[in-house]
Amino acid sequence: MKTLKEAKVGSVVRVVKLHGEGAVKRRIMDMGLTKGVEVQIRKVAPLGDPIEVTVRGYELSLRKADAEMIEIETMLA
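Since this is a predicted model, take the numbers as computed values, not measurements. (Residues numbered from 1 in each chain as written. Predicted model: local features only at pLDDT ≥ 70, side-chain atom pairs only at ≥ 80, totals over all residues. Heavy atoms only, no water.)

Caption draft 1: Molecular detail of the pairing of strand β4 (residues 51-55). Summarising burial for β4: five of the five residues are buried, a large majority. Residue alternation in β4 divides its side chains into two sets, Ile-51, Val-53 and Val-55 and Glu-52 and Thr-54, and both sets are buried. Where strand β3 (residues 38-44) lies against β4, five bridges are found, and the strand directions are antiparallel. When the sheet's bridge partners are listed, Gln-40 is paired in β4 with Thr-54. From the end of β3 to the start of β4, which pair antiparallel, there are six residues, and Gly-48 there has a positive phi angle of about 90°. (Buried < 20%, exposed > 50% of the residue type's maximum accessible area, 1.4 Å probe, protein only. Helix = DSSP H or I, 4+ residues; strand = E, 2+ residues; numbered from the N terminus. Pairing = 2+ DSSP bridges.)

Caption draft 2: Focus on the environment of Lys-35. Mapped onto the elements, Lys-35 comes out in the loop between α1 (22-30) and β3. In sequence terms Lys-35 and Glu-71 are 36 residues apart; their C-alpha atoms lie 9.2 Å from each other. Apart from the residues lying within four places of it in its own chain, the contact partners of Lys-35 are Val-15 and Val-16. (Contact = heavy atoms within 4.5 Å.)

Caption draft 3: Quick look at the pairing of strand β5 (residues 58-62). Looking at chain direction, β4 and β5 are connected through five bridges and run antiparallel. When the bridges of β5 are listed, Val-55 appears paired with Tyr-58. Counted between consecutive antiparallel strands, the loop separating β4 from β5 contains two residues, among which Arg-56 sits at a positive phi close to 55°.

Laid out in structure tokens, this is it:
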């Protein structure tokens, strides 16, 4: 499966599964990234870290390491 790190700028994706353990997984969920939520990829920094996304109506910046833990499916191109 694809991860959020691999998603293209401008695409809309749906979260399928969260990987990770304990506090890391809880932190991702506390940011609003839960199973089934739609995420739009807004920007990626020149070196790929961080990734800016829109989730639940607000903008969020994620580290590449966190984005790798979020399994997605593509909704729109």
